[in-house]
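The primary structure of each chain is shown beneath.
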Amino acid sequence: GVTWRSSDESIATVDDEGNVTAVSSGEATITVTTVSGGKTAECKVTVITSIQSVALNETEKTLERGDTFQLKATVTPADADDTSVSWTSSDPSVATVDATGKVTAVKSGKAVITVTTTDGRKTASCTVTVITSVQSVALNETEKTLERGQTFELKATVTPSDADDTSVTWTSSDPSIATVDANGKVTAVKSGKAVITVTTTNGRKTASCTVTVTTSVQSVALNETEKTLERGQTFELKATVTPADADDTSVSWASSDPSVATVDATGKVTAVKSGKAVITVMTTDGKKTAECSITVITSVKGVSLDVLEKTVARGGTVKLIATVTPEDADNTEVTWKSEDDGIAAVDQNGVVTGVAAGTTYVVVTTADGGFTARCRITVSVPVTSITLNKSETTIRVGRTETLVAEVKPDDAIDPRITWTSSDPSVASVDQNGKVTAVADLGIGKPSEAIITASAENGAVTAQCTVTVEDPINAFVRRLYSLCFGREAEEEGFKTWTTLLKNKTYTASQAVIGFFMSDEMMDLKLSASDYVERCYLVMMDRSSDEEGKKTWTDRLDVGMSELHILSGFVGSSEFRAICADTGIEVGTIKTTEARDINFGITSFVSRCYSEVLGRKAEVEGLNTWCGYIFKDANRKANAVWVASNGFFHSPEYIAKHSSNAEYVHTLYRTFFGRDEDEGGYKTWMNLLARGATRDSVMAGFSNSKEFAELLKSYGIR
């Protein structure tokens, strides 16, 4: 026999016959055991609980588009093994459902939402109806102003535009002012305000537009369109507004040119001055306008002349000025006439010309009104011009000169001349035209006075500019101008003129004072410019080529500026200048050795250049020139200066020249030329074989070629 047993009778039981009964979901093992031998066998039993049905909490539902609601599914039995479900919509474009059963209304229509169990595919459904209601309504205008009789169409916009029912109705709060038809067309009936209301059938939503009906001015007219007025005259314009029952019939007035014509608030026009102006009336409502062209005229009332009597010279002219009253009359034209053209003629500009001695009348007549005025004209023969024999002249202090005046015309009634001086302290003049130079009071420039010859009580004049010059003042001014290129300052001018006038200084000393001054030195003139200035100052001329070269050569070799100046102050030209001014010439002496002889100074300067490669300094130049002049044996002295003075100098020794450089310098110094190939090799070989430099130099200094070179400098 066997026995049966369940491992979990809460899930499955087994009876003695082996019948298994499922109790609840789960797993249990059914074991059979033999009585004899205890043999066993097993069966694994799985118990499941299946779904029998599913139900929803709603079977029908109406939603507004965009609304949501939650469907809930109830599974039977509740303890089924798998209670999961899925959701679907028959028309997701109308309503959608998510995995939790949340339904969203999409658009108007119907859709069936179905829930389906995973276990057993059991279903339940809910019919969802989606509606779209009107939310609001709006108008294309909320306020509108219409002219009486005018229409316009209101347009209603229902939101949402795809609502199920978008029909509307229209009403007016006051149809006597404005009406509205079923299509929203508004008609203005009379002036006033009315509210037009649109109402939706669905939801009774409303929107309003306030309509204001006006009666506007259509036009305005004036009683005159053109008018001519005399200045000062007035008249009244009247404006007629159409329609007469317009809401606002008020107007304003304006003038295009108030300086010609003004208009007040009532339309009263006043003529101000000649011209044209447009008077404009403008309605406040609609800015409608009408115009009247105003022409203002100003007539002549009289005429007068600036003088009642006038004297004019024969052949002369005088202009008469006519004044028309009022001055701004429209036509101020006048005509002119002489009662006797043989005495005085008049042109149409009022210019009277004297023809012959005598008296007559000139008459002016206005073109407008024929008004007249007269002037008595007397024609005379006055002096018309004075001509002097000179317009300018220069006179030295203490000297005189007589000016001669010629009077025209020859038959002038009063040809007498009056002579005057603008500054008698500088130059005086008597009534015969004799001018006396009194004083030169100028500093930078000589003094001037204007001598005037006048006639006809000063109406006719001629003048001569007289320059009064003191010769010593002129000499000093010339030094300032030519040496410094400027006018004299007061202190310096007075100092130099006093020294020269008192004969404390000679002209030569004055030249030294200017040429050796700091101001001249600061100019840093080249030798050429320095010499040129000497020519201008002391010879009163520009340089000649040969002479300029002579002096510039002296400066170039190192001779002093005093040496140059001494040559110029000794010239005949400078002596003539001094004689003319009454200044003592004087002399310039120099004691420097470099200034004794041009040839010797040139020789020494050349030694500096060839041996030391530089320009001579003043002290050295004086030393070596003085050495050559120390006694009569100048040739030997010059040889010693070149040989010992320069080649044995510490400056040359410090050059550490090579033999080649040494021989080249000997050639340049003693022969004044570059080396020839044969001689150069000879001297270089001697030095290479041990000859001393002095022995080689002796060959150069004792040579005939050097002797000839010394002769060219005047050294023998």
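Residues numbered from 1 in each chain as written. Predicted model: local features only at pLDDT ≥ 70, side-chain atom pairs only at ≥ 80, totals over all residues. Heavy atoms only, no water.

Examining the overall build of the chain
The test is simple: For helices the rule is a DSSP run of H or I covering at least 4 residues; for strands it is a run of E covering at least 2, with both sets numbered from the N terminus onward. Our radius of gyration is a C-alpha quantity, and the globule rule it is checked against amounts to 2.2 Å times the number of residues to the power 0.38. Note on exposure labels: buried denotes an accessible area under 20% of the residue type's maximum, exposed denotes more than 50%, and partly exposed covers the range between, all computed with a 1.4 Å probe on protein chains only. Throughout, a residue-residue contact means that at least one pair of heavy atoms, one from each residue, lies within 4.5 Å. Values of accessible area rely on a 1.4 Å probe in the Shrake-Rupley scheme; residue burial ignores everything except the protein chains shown.
Of regular secondary structure, the chain possesses 16 helices and 50 strands. Against the globule reference of 27 Å for 716 residues, the chain gives a C-alpha radius of gyration of 68 Å, more extended than a compact globule. Principal-axis analysis of the C-alpha atoms places the extent of the chain at approximately 180 × 130 × 45 Å. Here the chain holds 716 residues, and 39% of them are scored as buried. For the chain, restricting intrachain contacts to residue pairs at least 6 apart in sequence, the fraction spanning at least 24 positions comes to 57%. A total accessible area of about 37100 Å² is found for the chain, and carbon and sulfur atoms account for 48% of it.

Side note on the sheet that holds strand β12 (residues 102-105)
In plain terms, the rule: Being paired, for any two strands, means DSSP has found at least two bridges between them. Whenever a helix is involved, its axis is fitted only over the stretch in contact; in every case the axis is a line through C-alpha atoms, and angles between N-to-C directions fall within 0 to 180 degrees.
In spatial order, the strands read β8-β12-β11; together these three strands make up an open sheet with antiparallel pairing. Sheet topology places β8 (68-70) and β11 (95-97) at the edges, where each strand pairs with a single neighbour. Geometrically, the sheet is characterised by an average inter-axis angle of 20° between neighbouring strands, direction not taken into account. Relative to β12, β8 runs antiparallel, the two sharing three bridges. Across the sheet, Q70 pairs through a bridge with K102, a residue of β12.

Some details on the sheet that holds strand β44 (residues 400-402)
Either a parallel or an antiparallel arrangement is found when strands of a sheet pair, and the pairing is made through backbone hydrogen bonds. With antiparallel pairing, three strands are arranged side by side in an open sheet as β44-β48-β47. Each edge of the sheet is formed by a strand with only one pairing partner; in this case those strands are β44 and β47 (427-429). Neighbour-to-neighbour, the strand axes of this sheet turn through a mean angle of 20°, independent of strand direction. Taken together, the three bridges between β47 and strand β48 (residues 434-437) define a ladder with antiparallel strand orientation. Within β48, the position partnered with S428 by the bridge is T436.

What to know about helix α15 (residues 693-701)
Side chains that are three or four residues apart share a direction in an α-helix, a result of its 3.6 residues per turn. Using the following cut-off: Directions pointing from the helix axis toward each C-beta atom define the arc.
Here α15 has its buried residues at V696, M697, F700 and S701. Across the axial projection of α15, the buried residues extend over an arc of 140°, all falling on one side. Tucked into the core, α15 has its buried residues touching α11 (634-647), α13 (659-671), α14 (677-688) and α16 (704-712).

Overview of the packing of aromatic side chains
What counts here: Only Phe, Tyr and Trp rings take part, Trp by its six-membered ring, and two of them pair if their centres are within 6.5 Å. Stacked means planes under 30 degrees apart, edge-to-face means over 60, and tilted covers everything else. Only Lys NZ and Arg CZ are tested; either one counts as a charge over a ring when it is within 6 Å of the ring centre and within 35 degrees of the ring normal.
Per the counting criterion, the structure on display carries 24 aromatic pairs. Judged by centre distance (5.1 Å) and plane angle (40°), the ring pair of W551 and F568 falls under tilted. Here W551 is found in helix α6 (residues 545-556), whereas its partner F568 is found in helix α7 (residues 561-569), with 17 residues between them in sequence. Like F568, W551 is buried. One aromatic cluster is present, built from ring pairs that chain together F603, F647, Y652, Y662, Y667, F670, F671, W683, F700, F706 and Y713. Sitting above the plane of the W551 ring, R554 keeps its charged end 5.7 Å from the centroid.

Points about the pairing of strand β31 (residues 275-283)
Across five bridges, strand β28 (residues 251-255) lies against β31 in antiparallel orientation. Paired with S252 across the bridge in β31 is M282. Of the strand pairs in this sheet, β31 and strand β32 (residues 289-297) are connected by eight bridges, and their pairing is antiparallel. In the sheet register, V278 faces β32, and the bridge partner there is S293. Between β31 and β32, which follow one another and run antiparallel, lie five residues, and G286 among them has a positive phi close to 90°.

Here we look at the side chain of S605
Mapped onto the fold, S605 is located in helix α9 (residues 598-612). Assessed through its relative accessible area of 15%, S605 is described here as buried. When neighbours within four sequence positions are excluded, S605 is seen to be in contact with V557 and L621.

Comments concerning the pairing of strand β23 (residues 206-214)
Where strand β16 (residues 143-147) and β23 come together, five bridges link them in parallel fashion. Each bridged residue has a counterpart across the sheet, and for E143 the counterpart in β23 is T210. In terms of strand pairing, strand β22 (residues 192-200) meets β23 through eight bridges, oriented antiparallel. Bridge pairing in β23 places V195 opposite T210. The antiparallel hairpin formed by β22 and β23 contains five residues in its connecting segment, where G203 sits at a positive phi of about 90°.

Some thoughts on the packing of helix α10 (residues 618-628) against α11
The line we're drawing: In this classification, Asp, Glu, Lys and Arg are treated as charged, Ala, Val, Leu, Ile, Met, Phe, Trp, Tyr, Cys and Pro as nonpolar, and every other residue, Gly included, as polar.
Direction vectors running N to C along α10 and α11 enclose 140°, while the axes themselves pass 8 Å from each other. Facing α10, whose interface residues are W624, Y627 and I628, α11 presents R634, N637, A638, W640, V641, G645 and F646. By residue class, the composition of the contact of α10 with α11 is seven nonpolar, two polar and one charged.

Brief notes about the environment of P243
Tracing the sequence through the fold places P243 in the loop between β27 (239-242) and β28. Given the relative accessible area of 19%, P243 is considered buried. Here the alpha-carbon distance between P243 and E592, two residues 349 residues apart in the chain, equals 124 Å. When neighbours within four sequence positions are excluded, P243 is seen to be in contact with T215, S216, V217 and Q218.

Focus: the pattern of salt bridges
Cut-off, in case you're wondering: Salt bridges, as used here, are contacts in which a Lys or Arg side-chain nitrogen is within 4 Å of a carboxyl oxygen on Asp or Glu.
Using the criterion set out here, one finds 31 salt bridges in the structure. Among the ionic contacts, a cluster of salt bridges with common partners joins E406, K408 and D410.

Focus on the state of the cysteines
Applied cut-off: Two cysteine sulfur atoms make up a disulfide if the distance between them is within 2.5 Å.
Counting across every chain of the model gives zero disulfides. Counting only cysteine sulfurs, C483 is the nearest neighbor of C578, a cysteine outside any disulfide, at a range of 13 Å. Its relative accessible area of 1% is what places C578 among the buried residues.

Structural notes on unusual backbone geometry
Here the bond from T159 into P160 is cis, since omega is 0°, no more than 30 degrees from zero. With respect to the helices and strands, P160 occurs in the loop between β18 (156-159) and β19 (168-172). Cis rather than trans, the peptide bond between K408 and P409 has omega equal to -5°. On the secondary structure map, P409 appears in the loop between β45 (405-408) and β46 (418-421). For K524, which is not glycine, the phi torsion reads 50° and is therefore positive.

Some points on the environment of A246
In this fold, A246 is placed in the loop between β27 and β28. Each C-alpha atom of the pair A246 and V272 lies 35 Å from the other, and the pair is 26 residues apart in sequence. Excluding residues within four positions of it along the chain, A246 makes contact with T215, S216 and V217.

A word on the packing of helix α3 (residues 507-515) against α7
Threshold: For any pair of crossing helices, the crossing counts as left-handed if the nearer helix is rotated counterclockwise from the farther one by less than a right angle, and right-handed if it is rotated clockwise.
It is the contact of α3 with α7, at a shortest axis distance of 11 Å, that shows an interaxial angle of 145°. The way α3 lies across α7 gives a crossing that is right-handed. Contacts between α3 and α7 involve S508, V511, I512 and F515 on the former and, on the latter, L562, L565 and V569. The residue makeup of the contact of α3 with α7, split by class, is six nonpolar, one polar and no charged.

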